[in-house]
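# Analysis of the macromolecular model
One-letter residues, chain by chain:
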Amino acid sequence: MHRRRRTALLFTAAIAAAAPLLTACGNDAHPGAAAVVGDQRITVAQLENRVDEVRDAQRAAVPDDTQYQQVLARTGSLTRDTLHGMVLDRVLHRAARDAGVTVSRKEVQELRAGLEEQAGGPEQLETAWLQQYGVAPDRLDDNLRLQLEAQKLAESLGTDTSRPEFWQALAKASDRLDIDLNPRYGDWDVQKSSRVDTKTPWVREITAAQTQQTA
């Protein structure tokens, strides 16, 4: 179990490191979509709902206005990072499915119980995941399932989540899924299984902080 916890944290950190990297105005081929992953659409509304979940949780955790503005400043790329995670979740699930990897609810519960013990309790774990990885409390179990899929996929490949062999498996899944991001949010690098920014100077993301300032 201790090895699984470490691997889960490593993969979450890897996502966080890759994420600060999305493309421009609407995608005419897929109106209303933030991304198309295989035959699944991630709509702009779904993405915005996920971001709102995180912002609501951040606001509840930091009621002081000045401190909350600091949180907004530190997480200005939240929308892009969130979409990166939503796409990578589907890529990883495809790679795990192709490798015959499954994760049970019991495994998720066991991992969560262990992490809660390490963190000092359920609320402390939720706060840590929110602050470090931008995961809303209601999405914690989903994220832990992602960590377990990553760990079990790596084990099935005889490697770990930091090794090229693991990311090559994700690259193959990315290629099969033919991922298409709305240019507003960047592009998807198949080989790195990561979103990357495209240099489009006339496009900029409207952050929550900017919206509040103009309200």
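Here we summarise the structure given alongside this text. Please read these numbers as outputs of a predicted model, since none were measured by experiment.

### Concerning the pairing of strand β2 (residues 40-43)
Sheet topology places strand β1 (residues 33-37) next to β2; four bridges connect them, and they run antiparallel. Within the sheet, the bridge partner assigned to Val-36 lies in β2 and is Arg-41. In this structure, the hairpin formed by β1 and β2 is closed by a connection of two residues, where Gly-38 is found at a positive phi of approximately 65 degrees.

### Some points on the side chain of Thr-82
Summarising the element assignment, Thr-82 is placed in helix α4 (residues 78-98). Its relative accessible area of 13% is what places Thr-82 among the buried residues. The contact partners of Thr-82, leaving out residues within four places of it in the chain, are Leu-47, Arg-50 and Val-51.

### Notes on the pattern of salt bridges
Evaluated as defined, the whole model comprises nine salt bridges. Here Arg-139 makes a salt bridge to Glu-53, at a shortest N to O gap of 2.9 Å. Here Arg-139 is found in the loop between α6 (122-133) and α7 (140-156), whereas its partner Glu-53 is found in helix α2 (residues 44-61), with 86 residues between them in sequence. The class of Glu-53 is partly exposed, set by a relative accessible area of 29%. Among the charged side chains, a network of salt bridges with common partners joins Arg-112, Glu-116, Glu-126 and Asp-141.

### Describing the nonpolar core
Counting 32 residues, the largest nonpolar core has Leu-83, Val-87, Val-91, Phe-166, Leu-170 and Ile-179 as its most contacted members. Elements with a contribution of two residues or more to this core: β1, α2, α4, α7 and α8 (164-177). Each residue touching Ile-179, except ones within four places of it in the same chain, is listed here: Val-36, Val-37, Val-87, Val-91, Ser-174 and Trp-188. Core analysis: the second largest hydrophobic core is formed by ten residues, Leu-115, Val-135, Leu-140 and Leu-144 among them.

Criteria and cut-off values
Residues numbered from 1 in each chain as written. Predicted model: local features only at pLDDT ≥ 70, side-chain atom pairs only at ≥ 80, totals over all residues. Heavy atoms only, no water. Pairing = 2+ DSSP bridges. Helix = DSSP H or I, 4+ residues; strand = E, 2+ residues; numbered from the N terminus. Buried < 20%, exposed > 50% of the residue type's maximum accessible area, 1.4 Å probe, protein only. Contact = heavy atoms within 4.5 Å. Salt bridge = Lys/Arg side-chain N within 4 Å of Asp/Glu carboxyl O. Core = buried A, V, L, I, M, F, W, Y, C linked by side-chain atoms within 4.5 Å.

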